[in-house]
Amino acid sequence: MSIRRRQRIVRLAILVLIAAWGLAIGARDVSAQVPATSSQQIKPSAPAALPQPLTREALRDLLARLSDAQVRELLIAQLDREINEARPADQAMIGGMDERATVLRESWRAMFAAIRELPRVPLFFAEQLIGDRSPGILLWIALGLALIFAVGVLAEQLYLRAIREVRRQVYAAQPATAPARIGYSLLALLLDFVGIVVFALATIAAFFLLHHGHAPVRLTVMTWVGAVFAIRLVALVTCALLAPDARSLRILPVDDTTARFLYRRIMRIAIVWALLFPSIKLLQELGLDRDVVHLLINLGVAVVVALLIDLIWQSREPVARAIRGAEHDGAQTAGARVREIFARIWHILAILYVFVIWALTEASLALGDPVRAGAALGSLLLVVALPL
């Protein structure tokens, strides 16, 4: 029951009790002056009800016409009504929590029961690609996929050959200032990004030239082309930030060893993410059972979480040194002590954060709620950015 409703009931009760006290005194005086006769019969009156809308004048008029017993009945009826209105809301909240807990248990039970269906997933995928055709079509699909990617690579190489002199000058530059280094890095990023776009467009064009209208094949090819495009974009941005092979263009202030280490680990996570989750989404679009999809998502997330934890653990010392600061010399100021404590435990907090994101995402998925993939991915990218 809300506070405003309680206050309204209390004010009404006080007002009714005061009115009842006044009516009782008036009735006592009247009964003393006019004696009752045994021949008089009191007819029961209909139960009173509060006027709508309830105003101060209407309430006074009602109380002036009611007997002492009617006032008590009115007060009891109003209190019962308020209590009954509050009870369904509390019961609905408790019932909703119990219902969601039941949905979680049933969803997880069905997910674990779907483990025995995992060996059938490749067969299901092959059946969707074959359709009503001969199984030999799988070989032609594989050859066609290799061909369209080869066309994309060839188109990109032709583009790079056309701009090779410009790229050579950009990568050979030795900018002396930070703004100049950032400018050259952005120029190199733009040149390579155009190459990736040329690759994607040529691949898609080659596919539609060879495609004969089979929807599962089209969906598969477009999914994998998108995955390769995403992997190359991540590689492009990470290379621009870390420049593992071109220190003069490196934006982030890290040494060569750290730059190569971070580049390899981040690319490993990007490849696993881009290949696993679009493929699982593809299987879902093709009609794979929901519980099997749920299980595959959790297996994929477990792999990504393991890679993230490995990245966090391997980066704990470099990040701890960055948190302490370059001027750290054992100073005992309050700020230095706080930084020292955080430097010692940052990796533990980051790992716990990864598990919390996993738990929240899994709960939403099990309950059938829409999963905010962008928010989850942004949170995981935040964890990845900590070592940077």
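Residues numbered from 1 in each chain as written. Predicted model: local features only at pLDDT ≥ 70, side-chain atom pairs only at ≥ 80, totals over all residues. Heavy atoms only, no water.

Trainee: Teacher, can you tell me more about the overall build of the protein chain here?
Mentor: Looking only at helices and strands, the protein chain features 13 helices and zero strands. Relative to its 388 residues, the protein chain shows a buried fraction of 32%. Relative to all contacts within the protein chain whose residues are 6 or more apart in sequence, the contacts with residues 24 or more apart total 74%. With an accessible surface of roughly 24,400 Å², the protein chain has 66% of that area assigned to carbon and sulfur atoms. (Helix = DSSP H or I, 4+ residues; strand = E, 2+ residues; numbered from the N terminus. Buried < 20%, exposed > 50% of the residue type's maximum accessible area, 1.4 Å probe, protein only. Contact = heavy atoms within 4.5 Å. Areas by Shrake-Rupley, 256 points an atom, 1.4 Å probe, with all protein chains shown as cover.)

Trainee: Help me understand the pattern of salt bridges, please; the structure alone is not making it clear to me.
Mentor: Where charged atoms from two side chains of opposite charge approach closely, those side chains can pair. Following the criterion strictly, the structure yields nine salt bridges and no others. Notably, a salt bridge pairs lysine 281 with glutamate 285, separated by 3.6 Å at the nearest N-O pair. Of the two residues, lysine 281 and glutamate 285 are both situated in helix α9 (residues 256-285); the distance of four residues between them amounts to about one turn of the helix. (Salt bridge = Lys/Arg side-chain N within 4 Å of Asp/Glu carboxyl O.)

Trainee: Please clarify how a nonpolar patch on the surface should be interpreted in this entry.
Mentor: Among the surface-exposed residues, Ile341, Phe342, Ile345, Ile348, Leu349 and Leu352 lie close enough to one another that they form a single nonpolar patch of about 540 Å² accessible area. With respect to the secondary-structure elements, isoleucine 345 resides in helix α12 (residues 334-367). Looking at isoleucine 345, the relative accessible area reads 35%, which means it is partly exposed. (Patch = residues over 30% accessible without salt bridge, like charges linked within 9 Å, V, L, I, M, F, W, Y side chains within 5 Å.)

Trainee: Sorry if this is basic, but what is going on with the packing of helix α10 (residues 290-314) against α12 here?
Mentor: Each packed pair of helices is defined by two parameters, the angle between the axes and the distance between the axes. Packing of α10 against α12 brings their axes to within 10 Å, and their N-to-C directions diverge by 170 degrees. Comparing their axes, α12 and α10 come out roughly antiparallel. Across from Arg290, His294, Ile297, Asn298, Val301, Ala302, Val305, Leu308, Ile309, Ile312 and Trp313 in α10, the residues of α12 making contact are Trp346, His347, Ala350, Ile351, Val354, Phe355, Trp358, Glu362, Leu365 and Ala366. Taken together, the residues of the contact of α10 with α12 break down into 16 nonpolar, three polar and two charged. (Axes fitted to C-alpha atoms, helices over the stretch in contact; angles between N-to-C directions. Parallel < 35°, antiparallel > 145°, perpendicular 65-115°, else oblique. Nonpolar A, V, L, I, M, F, W, Y, C, P; charged D, E, K, R; others polar.)

Trainee: Whenever I open this one, the nonpolar core confuses me. Can you help?
Mentor: Generally speaking, soluble globular proteins have nonpolar side chains that are buried together. Counting residues in hydrophobic clusters, the biggest one holds 46 residues, and the most contacted among them are Ile148, Val221, Leu283, Leu288, Leu296 and Trp346. Contributing elements (two or more residues each) for this core: α4 (121-130), α5 (137-162), α7 (178-210), α8 (215-242), α9, α10, α11 (316-324) and α12. Broken down by element, the residue count for this core peaks at 10 residues, all from α10. In this structure leucine 296 touches Leu118, Val121, Ile280, Leu283 and Leu288, once residues within four positions along its chain are discounted. By size, the runner-up hydrophobic cluster in this structure holds six residues, among which are Tyr159, Leu160, Val170 and Leu191. (Core = buried A, V, L, I, M, F, W, Y, C linked by side-chain atoms within 4.5 Å.)

Trainee: Help me understand the packing of aromatic side chains in this model?
Mentor: The geometry of an aromatic ring pair is captured by the separation of the ring centres together with the interplanar angle, meaning the angle of the planes. Applying the stated criterion to the full structure yields five aromatic pairs. Between the aromatic rings of tryptophan 273 and phenylalanine 277, the centroid separation amounts to 4.8 Å while the plane-to-plane angle is 50 degrees, which identifies the pairing as tilted. A residue pair is termed a helical-turn pair when its members lie 3 or 4 positions apart in one helix, as tryptophan 273 and phenylalanine 277 do in helix α9 at four residues. A cation sits over an aromatic face here: arginine 232 above phenylalanine 199, 5.3 Å from the ring centre. When the ring centre of tryptophan 313 is taken as origin, the NZ or CZ atom of arginine 316, which lies over that ring, is 4.1 Å away. (Phe/Tyr/Trp six-rings, centres within 6.5 Å; stacked < 30°, edge-to-face > 60°. Lys NZ or Arg CZ within 6 Å of the ring centre and 35° of its normal.)

Trainee: For this particular structure, what's the right way to read the side chain of serine 315?
Mentor: With respect to the helices and strands, the residue serine 315 is situated in the loop between α10 and α11. A polar contact of 2.8 Å, which involves the side chain of serine 315, links it to the backbone oxygen of leucine 311. (Polar contact = N/O pair within 3.5 Å; in protein donor to acceptor, adjacent residues only side chain to side chain.)

Trainee: Help me understand the confidence of the model for the protein chain, please; the structure alone is not making it clear to me.
Mentor: Do not read the fine detail of predicted coordinates wherever pLDDT is low. A residue-level look at the protein chain finds 74% of positions with pLDDT of 70 or above and a mean pLDDT of 78. Throughout residues 27-44 the model reports pLDDT below 50, and contacts reaching past four residues in sequence, or to other chains, amount to zero contacts. (pLDDT = per-residue confidence, 0-100.)

Trainee: Looking at this structure, I do not really get the environment of alanine 150. What am I missing?
Mentor: Inspection of the secondary structure puts alanine 150 in helix α5. Overall, the relative accessible area of 43% leaves alanine 150 in the partly exposed class. Separated by 49 residues in sequence, alanine 150 and phenylalanine 199 have C-alpha atoms that sit 9.4 Å apart.

Trainee: Help me out: how do you make sense of the environment of alanine 202 in this one?
Mentor: Tracing the chain through its elements places alanine 202 in helix α7. For the pair alanine 202 and glycine 152, spaced 50 residues apart in sequence, the C-alpha to C-alpha distance is 4.8 Å. The contacts of alanine 202, once residues within four sequence positions are left out, are Val151, Gly152 and Ala155.

Trainee: Help me understand the side chain of serine 107, please; the structure alone is not making it clear to me.
Mentor: Secondary-structure assignment places serine 107 in helix α3 (residues 68-113). We classify serine 107 as buried; its relative accessible area is 7%. Ignoring any residue separated from it by four or fewer positions in sequence, one finds serine 107 in contact with Arg290, His294 and Ala366.

Trainee: Got a minute to help me understand the packing of α11 against α12 in this structure?
Mentor: Axis separation between α11 and α12 bottoms out at 9 Å; the angle between their running directions is 160 degrees. Taken together, the axes of α11 and α12 lie roughly antiparallel to each other. For α11 against α12, the interelement crossing comes out right-handed. For the pair α11 and α12, the contacting residues are Arg316, Val319, Ala320, Ile323 and Arg324 in the first and Arg339, Glu340, Phe342, Ala343, Arg344, Trp346 and His347 in the second. A class-by-class count of the residues in the contact of α11 with α12 yields six nonpolar, one polar and five charged. (Left-handed = near helix turned anticlockwise from the far one by under 90°.)

Trainee: What is the right way to look at α5 in this model?
Mentor: Each full turn of the α-helix corresponds to 3.6 residues, which orients residues three or four apart in the same direction. With 26 residues, α5 ought to run about 38 Å at 1.5 Å a step, and its terminal C-alpha atoms sit 38 Å apart, in line with that. All buried positions along α5 are accounted for by Ile141, Leu145, Ile148, Phe149, Gly152, Glu156, Tyr159 and Leu160. Looking at the buried residues of α5, the elements they touch are α4, α6 (164-172), α7 and α8. (Expected span 1.5 Å × (residues − 1).)

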